[in-house]
Every structure is written in C-alpha cells, then in structure tokens.
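# Examination of the molecular architecture
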Amino acid sequence: MKIEKVGVVGCGLMGSGIAEVVAKAEFDVVVCEMNEQFAEAGRNRIDKSLSRAVDKGKLESADRDVVLDRLSFSTDLAALADCDLVIEAIVEDIEAKNELFSTLDGLCGPEAIFASNTSSLTITDMAAATSRPGRVVGLHFFNPVPVMKLVEVVRTIATRDDVFDTAFSFARNLGKQPIAAKDNSGFVVNLLLVPYMLDAIRHLDRGVASVEDIDRAMTLGLGYPMGPFTLSDFVGIDTLCRISEIMFDEYREERYAPPPLLKRMVSMGRYGRKSGQGFYDWSEDPPKPLAL
C-alpha cells in the first residue's frame, strides 16, 4: 500500500505540526479547517515554524518554499476525497471525531486509511463509526511535532495487518521513531505519564512540598527535562483535566481521576502557559510559581 497524498483535519497546534512534518517528508498535504480564519492561522503557524528552522540553519530558504508549496488548505472536507491517508487532529471529543470519520467514510475512496491523533480516546470507538474499521489506526504524535521523535501507532482489534504496517512505515518515513501500541485509553505514554502528573498535584494539595520544589526534585533528582507542574502548564491544565476524565471513565481507577485542585484551576481559567497562568505566572521571565 502506497501513501502519496495525505489529509490533515484540524490545523491547531498539533494539526499544523503534523501537516508540517508530512510536507517536509515530501508528501502532498491537504489541510482542512472549519473556517478561513482557522485555516489562515494554521498556515501562519507552519510558516513561522519553518522560518525558525531556516533561522537556526536547519532548513534552507528554498526548501522552506518547497514545503509550503506541498501544502494546500480548504474548509471543505470534500477536498480530502482523493487522499490515501487522512489524519484527524480535532478537539478531544468522541462525538466530534465519530461525526468526522462518518462523513469522511462517505467521501474518501474505499482504500483510504483513517488515523486519529487522539491522546486518550480509543481508536476502536472511532473505527466503529465507519464502514471500514479494518482501515482505521491511531497515529499519536507528540508536541512539538517537528521536534518530538515518537509516534505511537495504535492497532485496534479490527485493524488489518497491512494497514498497520503501512501506518508504521509512514511514521518512519516522516523521520519519526514509531512504537506499536495496544488500543487502550492513554496508549503507552499517557497511561504512565498522566497518573504521575495527577499524583504531583495531589501531593502539592497535601502540602508535601511547593510547586517549585517538586519540579526541582524531579529535574535534579531524576534528570527529567521539566517537572510535573511546568509540564502541566505546557500541556494545558484544561487538556490534562479532560484527558484524566476520559481515562478515569475508561478504567475507573482513582489514579486517573482529576484531583479537586486541577478542576478548580480549570474553573478559574488558569489553563497554563496558553492562558498566561497555571501553576506558574508565565508573564514573568523566569515564570513565577503562583499561590494556590
């Protein structure tokens, strides 16, 4: 099975990163967004990312232009009709994803493969919304997509072997390091990472140590590149809360339940770096831990 043309639905932080690395790997890419404003924002995000690579000497200016030429943008899902692979990177909501895949099922050719970039929802539930469950996989990239090497390639109980192998090879052709993952909520990384982040929040609430000292303990004591609270602010407090709710609903284990402090921060709009405040105040340099 040969992948030549790739569709990406959603051009936010993850979708734009996926579209960029796919285009850099010399695939033609069609990016779909819900309106022109979001499409233009995605295009600008990709342009800025490629320009940063040029400034750092990692990409030639001419190569940046070639990559941009491989990208086209549309607000009409019908533009994806002749894609060999469509990757969704929309909101983390199963109803929205199922509606999208059901629509794509009627638009795309019978040989097209559908992939989801979900971090916590099960691929099987999305595959069931289509008439081609054997041609649905998970391709979970990590943020920032142009930098992070890992891709979790997720096989459901229905995924055909040749489809999985094609998806695995595709991830490798992007210059990524793919791993095979079972279709369970959280796959490999979030299955292990989310409880760690939630435990840090619980221990903070219990007064074990401060935000700054817990972060310092994990970076200096274990060599982690950043502590759990810095990481939470980068991931997004609201995103972490939503992922933990999905995983708790799947497993019904207390370690996946969102702690009360996490939910209070979401209620107050303290979403982390993207909103300016989370566990840290990101308006200062370096960011300053906030009272909780």
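Remember, predicted model here, so these are calculated numbers, not experimental data.

Analysis parameters
Residues numbered from 1 in each chain as written. Predicted model: local features only at pLDDT ≥ 70, side-chain atom pairs only at ≥ 80, totals over all residues. Heavy atoms only, no water. Pairing = 2+ DSSP bridges. Helix = DSSP H or I, 4+ residues; strand = E, 2+ residues; numbered from the N terminus. Axes fitted to C-alpha atoms, helices over the stretch in contact; angles between N-to-C directions. Left-handed = near helix turned anticlockwise from the far one by under 90°. Contact = heavy atoms within 4.5 Å. Nonpolar A, V, L, I, M, F, W, Y, C, P; charged D, E, K, R; others polar. Domains from an automatic or database assignment. Buried area = accessible area lost by both parts, 1.4 Å probe. Salt bridge = Lys/Arg side-chain N within 4 Å of Asp/Glu carboxyl O. Polar contact = N/O pair within 3.5 Å; in protein donor to acceptor, adjacent residues only side chain to side chain. 1 Å grid on protein atoms, 1.4 Å probe; cavity = no way out; pocket = protein on both sides within 12 Å on 5 of 7 lines; lining within 4 Å. Points joined across faces, edges and corners; volume = space filled by probe spheres on them.

### Overview of the sheet that holds strand S7 (residues 150–155)
- One open sheet holds the eight strands; their spatial order is S3-S2-S1-S4-S5-S6-S7-S8, and the pairing between them is mixed. Across the chains shown, the open sheet's two edge strands, defined by having one partner strand only, are strand S3 (71–74) and strand S8 (177–182). Each adjacent strand pair in this sheet contributes to an overall mean axis angle of 25 degrees, direction not counted.
- Across four bridges, strand S1 (residues 5–9) lies against strand S4 (residues 85–88) in parallel orientation.

### Topic: the packing of helix H7 (residues 189–205) against helix H9 (residues 228–235)
- One can describe the packing of H7 onto H9 by two numbers: an axis separation of 10 Å at closest approach and a directional angle of 115 degrees. Judged by the twist between their axes, the crossing of H7 over H9 is left-handed. When H7 is examined against H9, the residues Leu 193, Tyr 196, Met 197, Ala 200, Ile 201 and Leu 204 are found in contact with a partner set consisting of Pro 228, Phe 229, Leu 231, Ser 232 and Val 235.
- For the contact of H7 with H9, the residue count by class is 10 nonpolar, one polar and no charged.

### Comments concerning the domain arrangement of the chain
- One can read the domain layout of the chain as domain 1 (5–182) and domain 2 (189–280).
- Computed over C-alpha atoms only, the centres of domain 1 and domain 2 are separated by 27 Å.
- Between domain 1 and domain 2, the residue contacts involve 10 residues of the former and seven residues of the latter.
- If you sort the residues of domain 1 by the area they bury against domain 2, Glu 92, Ser 119 and Ser 120 come out on top, with a joint share of 51%.
- Inspection of the region where domain 1 meets domain 2 yields zero salt bridges.
- There are three residue pairs in polar contact (both at pLDDT 80 or more) connecting domain 1 and domain 2.
- Each residue belonging to the side of domain 1 that touches domain 2 can be placed in one class, and the counts come to three nonpolar, four polar and three charged.

### Observations regarding the layout of surface pockets
- Looking at the second largest pocket, its volume works out to about 180 Å³.
- Every residue along the wall of the second largest pocket is listed here: Val 21, Lys 24, Ala 25, Pro 146, Val 147, Lys 149, Leu 174, Gly 175 and Lys 176.
- By residue class, the composition of the lining of the second largest pocket is five nonpolar, one polar and three charged.

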